[in-house]
Amino acid sequence: MDIEEGGLTVSVPEARDGASEGTGGGVFFNPTQELNRDVTVATLRAYRDREPRAASYLDAMAASGIRGVRAAAEGYRVTCADVDADAVDLAAANLDANGLDGEAVHRDVNALLYDEGPFDVVDLDPYGTPIPFADAAFANGRNLICVTATDTAPLCGAHLNSGIRKYGAVPRNTDYHPEMGLRTLISALVRTAARYDKAARPILSHVSRHYARTYLELESGARAADDCLEALGHVDHCEDCLWREATPGHIADPVAACPECGSDRVLTAGPIWLGPVADADFARAVRREVTDDMGEAKRARKLLGTVARELDTPTHYDQHRLYKEWGEPAIGMEEFVERVRAAGHEASRAHYRGTAVKSTASIPEMREAVLGDDAD
Ligand SMILES: C[S@@+](CC[C@H](N)C(=O)[O-])C[C@H]1O[C@@H](n2cnc3c(N)ncnc32)[C@H](O)[C@@H]1O
């Protein structure tokens, strides 16, 4: 069937989504990833101003080629790759039908990257984890590596052993699992890039629906890679009172008891990325590049606006969880954020979900700020 996306007409198979990902026959297509693709196109537009030399774009797991087609329409020199011959034919036909230059190749992307790289922009959009493709991408990418990961359960620590195996880190199942997952993913990607003496810094990231997406800008050089690794560290988290503390460094000192409530139920996660997951100015620039021909323009603008305003603390709180702990009915999110700010702390909403909030205040400080005299 033909669908319209971003002002282009693309032929795609029937939709496959969620649990059926990676299974079944036929070329893959997921219409609910339109937000991801709209943000990608806006990012490719904004990235031009940041790095005008970025010209080649590898749609590394092309399927129908819809990403590659949209990137080609933006003027990028596109290669669509897939191991599925039917996907390659469809991607080639879609480029052709839209009168766009670009090639579609029947190759394993790891081999392609080493044989034909470097590519200026590499876009990894696999089923599940991107890790099997990360070495080739960082070794043979020049400017920007775009990565989707849909294996959120391993990433956030819900499937702990799988997360440890895939990501070489210990993620922990907390009430800020979108952030835990994103920072576990970025940690693994940054450490992969460092193997090739490259710094990989996230300039935009979001966690939407069942996936994490991050855009990492590369800088070559051992010193740059060393500096980047400085932003890795650990988070200690109390399962009882929700206290948490981030500590930079490669080695975590064990925390025997929570300094807030004395509980011995303290989890340590790491190494995770403790630096910013987005560059606020770049997120604003990407937002300006969202256009009305995008089917998810409204959601993309909202998402990017929140990302641009979000504090870059490495954990977020769930406002409803806090109120549950406090035994009080929750107030509106805007009012909550305002009250915490009025008490002299930094606070923002977080894009992960409607009840996600970030603050430099501790939980007792937030409680005091929002409940005031009722806090005792
Ligand atoms: C999730 S789909 C890609 C979706 C597509 N990017 C989109 O936006 O609609 C993953 C694709 O990766 C392809 N793939 C899996 N392993 C690959 C490999 N080693 N090299 C290239 N493509 C691969 C699969 O055949 C499948 O078409």
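Basis of the calculations
Residues numbered from 1 in each chain as written. Predicted model: local features only at pLDDT ≥ 70, side-chain atom pairs only at ≥ 80, totals over all residues. Heavy atoms only, no water. Helix = DSSP H or I, 4+ residues; strand = E, 2+ residues; numbered from the N terminus. Rg over C-alpha atoms; globule rule 2.2 N^0.38 Å. Buried < 20%, exposed > 50% of the residue type's maximum accessible area, 1.4 Å probe, protein only. Contact = heavy atoms within 4.5 Å. Areas by Shrake-Rupley, 256 points an atom, 1.4 Å probe, with all protein chains shown as cover. Lys, Arg positive; Asp, Glu negative; His and termini not counted. Charge placed at Lys NZ, Arg CZ, Asp CG, Glu CD. Domains from an automatic or database assignment. Salt bridge = Lys/Arg side-chain N within 4 Å of Asp/Glu carboxyl O. UniProt positions renumbered as here; feature names shortened; annotations may be inferred. Polar contact = N/O pair within 3.5 Å; in protein donor to acceptor, adjacent residues only side chain to side chain. Pairing = 2+ DSSP bridges. Axes fitted to C-alpha atoms, helices over the stretch in contact; angles between N-to-C directions.

Some details on the overall build of the protein chain
1) Next: For the protein chain, the helix and strand inventory stands at 14 helices and 15 strands.
2) Next: For 376 residues, the compact-globule formula gives about 21 Å, and the C-alpha radius of gyration of the protein chain, at 21 Å, lands near that figure.
3) Next: Here the C-alpha coordinates of the protein chain stretch approximately 70 × 40 × 40 Å along the principal axes.
4) Next: For the protein chain, the proportion of its 376 residues judged to be buried stands at 56%.
5) Next: Put simply, of all contacts in the protein chain between residues at least 6 apart along the chain, 61% involve residues at least 24 apart.
6) Next: Just so you have it, the protein chain exposes about 15600 Å², and 47% of that area is on carbon and sulfur atoms.
7) Next: Charge separation in the protein chain, taken as the distance between the mean sites of 40 positive and 62 negative side-chain charges, equals 1 Å.

A short note on the domain arrangement of the protein chain
1) Next: Assigned domains within the protein chain: domain 1 (2–231 + 273–309) and domain 2 (317–375).
2) Next: On a C-alpha basis, the centroid separation for the pair domain 1 and domain 2 is 33 Å.
3) Next: Of the residues lining the interface, 14 residues belong to domain 1; the matching set on domain 2 comes to nine residues.
4) Next: At the boundary of domain 1 and domain 2, one finds one salt bridge.
5) Next: Ionic pairing is found between Glu179 and Lys358, a salt bridge with its closest N-O pair at 3.0 Å.
6) Next: At the level of elements, helix H8 (177–194), strand S8 (198–208) and helix H11 (297–309) are the ones that each hand at least two residues to the side of domain 1 that touches domain 2.

Description of the UniProt feature "binding site: S-adenosyl-L-methionine" (unreviewed entry) in the protein chain
1) Next: As recorded in UniProt, the sites labelled "binding site: S-adenosyl-L-methionine" (unreviewed entry) are Arg37, Arg67, Asp82 and Asp108.
2) Next: Secondary-structure assignment places Asp82 in strand S4 (residues 77–82).
3) Next: Ignoring anything within four residues of it in the chain, the contact list for Asp82 reads Met61, Ala62, Ala63, Ala87, Val88, Val105, His106 and Arg107.
4) Next: Among the polar contacts listed, one links the side chain of Asp82 to the backbone nitrogen of Ala62, at a separation of 3.4 Å.
5) Next: Within the fold, Asp108 resides in the loop between strand S5 (103–106) and helix H4 (109–116).
6) Next: On the accessibility criterion, Asp108 (38% relative accessible area) is partly exposed.
7) Next: Among the polar contacts made by the side chain of Asp108, one reaches the main-chain amide nitrogen of Asn110 at a distance of 2.7 Å.

What about the sheet that holds strand S11 (residues 244–248)?
1) Next: Taken together, three strands build an open sheet; the order of strands is S11-S10-S12 and the sheet is antiparallel. The sheet is open, and its two borders are formed by S11 and strand S12 (266–273), each paired with just one other strand. Adjacent strand axes in the sheet meet at a mean angle of 20°, parallel and antiparallel pairs treated alike.
2) Next: Where strand S10 (residues 232–238) lies against S11, five bridges are found, and the strand directions are antiparallel. Bridge pairing links Gly233 to Pro248 in S11.

Overview of the UniProt feature "binding site: Zn(2+)" (unreviewed entry) in the protein chain
1) Next: When the UniProt feature table is mapped onto this chain, "binding site: Zn(2+)" (unreviewed entry) is found at Cys238, Cys241, Cys258 and Cys261. Spanning 24 residues, the named residues nonetheless gather at one spot, since no C-alpha pair among them exceeds 8.6 Å.
2) Next: Residue position: Cys238 is located in strand S10.
3) Next: Contact partners of Cys238, with chain neighbours within four places excluded, come to Trp243, Cys258, Cys261, Ser263, Arg265 and Val266.
4) Next: As for its placement among the helices and strands, Cys241 is situated in the loop between S10 and S11.
5) Next: On the basis of relative accessibility, which here comes to 21%, the residue Cys241 falls in the partly exposed class.
6) Next: The residues touching Cys241, leaving out its near neighbours within four places in the chain, are Cys258, Glu260, Cys261 and Ile363.

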